[in-house]
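# Architecture at a glance
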Amino acid sequence: MDGEIATITLARPDKRNAQTFATWSALARIGESLPEQVRVVVVKGEGPSFSAGIDLRMFTPEGVPGQGSFSSAARSDGADFEQRIRQAQAGFLWLRRPEIVSIAAVQGHAIGAGFQLALACDLRIVADDVSFCMKEPALGLVPDLTGTKPLVELVGLAKAIDICLTARTVHADEAMRIGLAERVVAGGDLDQAVREKVTQLLSTNRDAAVATKRLLQGARARTLEEQSVAEGIEQAARIKALFG
Ligand code: ACO
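Reference entry: report on the structure contained in this document. Residue positions are given per chain, counting from 1 as you read along its sequence in written order. In keeping with the predicted nature of the model, local features appear solely for residues at pLDDT of at least 70, side-chain atom pairs appear and are counted solely at 80 or more, and the whole-chain, interface and lining totals rest on all residues. With hydrogens and water stripped out, all remaining heavy atoms of the structure feed into the side-chain values.

### Looking at the sheet that holds strand β8 (residues 183-185)
Strands pair, by our definition, only if DSSP identifies at least two bridges between them. A helix here means a DSSP run of H or I that spans at least four residues, while a strand means a run of E at least two residues long, and both kinds are numbered starting from the N terminus. Strand order across the open sheet formed by five strands is β1-β2-β3-β5-β8, with parallel pairing between neighbours. At either margin of the open sheet sits one strand with a lone partner, and together these are β1 (5-10) and β8. Across the sheet, the mean angle separating the axes of adjacent strands is 20° when strand polarity is ignored. Both strand β2 (residues 40-45) and strand β3 (residues 101-106) contribute to a ladder of five bridges, which runs parallel. Bridge pairing in β3 links lysine 44 to alanine 105. Packing against the sheet, helix α8 (residues 190-202) makes contact with β1, β2, β3, β5 (123-127) and β8, and its axis sits at approximately 155° to β5. To obtain an axis, a line is fitted to C-alpha atoms, over the contacting stretch when the element is a helix, and the angle between two such axes runs from 0 to 180 degrees between their N-to-C directions. Contacts are assigned to residue pairs that have any heavy atoms within 4.5 Å of one another.

### A short note on the side chain of arginine 238
Position of arginine 238 among the secondary structure elements: in helix α10 (residues 224-243). Buried within the structure, arginine 238 lacks any salt-bridge partner; its nearest side chain of opposite charge belongs to aspartate 207, at an N-O separation of 4.3 Å. The residues touching arginine 238, leaving out its near neighbours within four places in the chain, are Asn205, Asp207, Ala208 and Ala211. Throughout this description, buried means an accessible area under 20% of the type-specific maximum (1.4 Å probe, protein chains only), exposed means over 50%, and partly exposed covers the range between. His is not counted, nor are the chain ends; Lys and Arg add positive charge and Asp and Glu add negative charge. By definition here, a salt bridge exists when the distance from a side-chain nitrogen of Lys or Arg to a carboxyl oxygen of Asp or Glu is within 4 Å.

### A look at the nonpolar core
Of all hydrophobic cores here, the largest spans 45 residues; its most connected members are Trp24, Val41, Val106, Phe132, Leu151 and Leu180. Counting residues in hydrophobic clusters, the runner-up holds 13 residues, among them Ile5, Val40, Leu123 and Val185. Side-chain atoms within 4.5 Å are what join buried Ala, Val, Leu, Ile, Met, Phe, Trp, Tyr and Cys residues into a set we call a nonpolar core.

Now the structure itself:
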């Protein structure tokens, strides 16, 4: 925590920040207890890779100690497992709250759950060695950590089908071109680039930023007429707060 900025660092670099159910419940807890003053949340990974995705031990019969495995889950009631997935997704969903702007600082590999964690954030600033890969379909799975909707919204349906159903790698130049990344910088400049973006984001009025994000998030689901009405409602509240 640093005033209005919270930084979450995946800190298992020796295992390329592989994620487990414990990672996702820790993320959810951070979301639940995020201090009200926070305006920007930065999500980053220590070491050469942002995150190499789910801990592959989950696919072994032994699983991750204390967290089970997919073979034990397969033997359990389907509804139980769906509930567990919902809990895991809670670790990702809060990053879209209107009250904050979330930034993923992504270097090296962002595979599977790692790609989806980057997609869970509002903005992605990436190093030039970044490689995104939605590996799930290659492993017989679907991306289920909230990544499919933001991916389609960012790159369009055709490109999302291409990226997911081939499980191919998207490098920095393509990520920039198709709208996955806001900015590409040399690896050594990633922290500085994120700091610059944070400064820009904190330079606007807090309440106006929250209301504007709420408007932008709702825009796709509304008609132009409905969106215009929503703009008017938000603006009336702003004028009242500023001049009332
Ligand atoms: N789960 C558990 N351990 C991992 C994972 C992972 N997803 N990824 C890497 N590691 C471990 C390796 O086993 C290795 O451990 P060790 O030093 O004890 O042998 C260490 O991290 C370093 O990995 P390397 O493979 O040596 O690193 P390198 O930089 O050469 O390669 C890469 C990185 C490409 C990410 C490679 O590790 C890899 O392909 N990992 C698996 C990616 C994957 O399939 N993820 C699942 C996606 S699907 C999903 O997320 C739902």
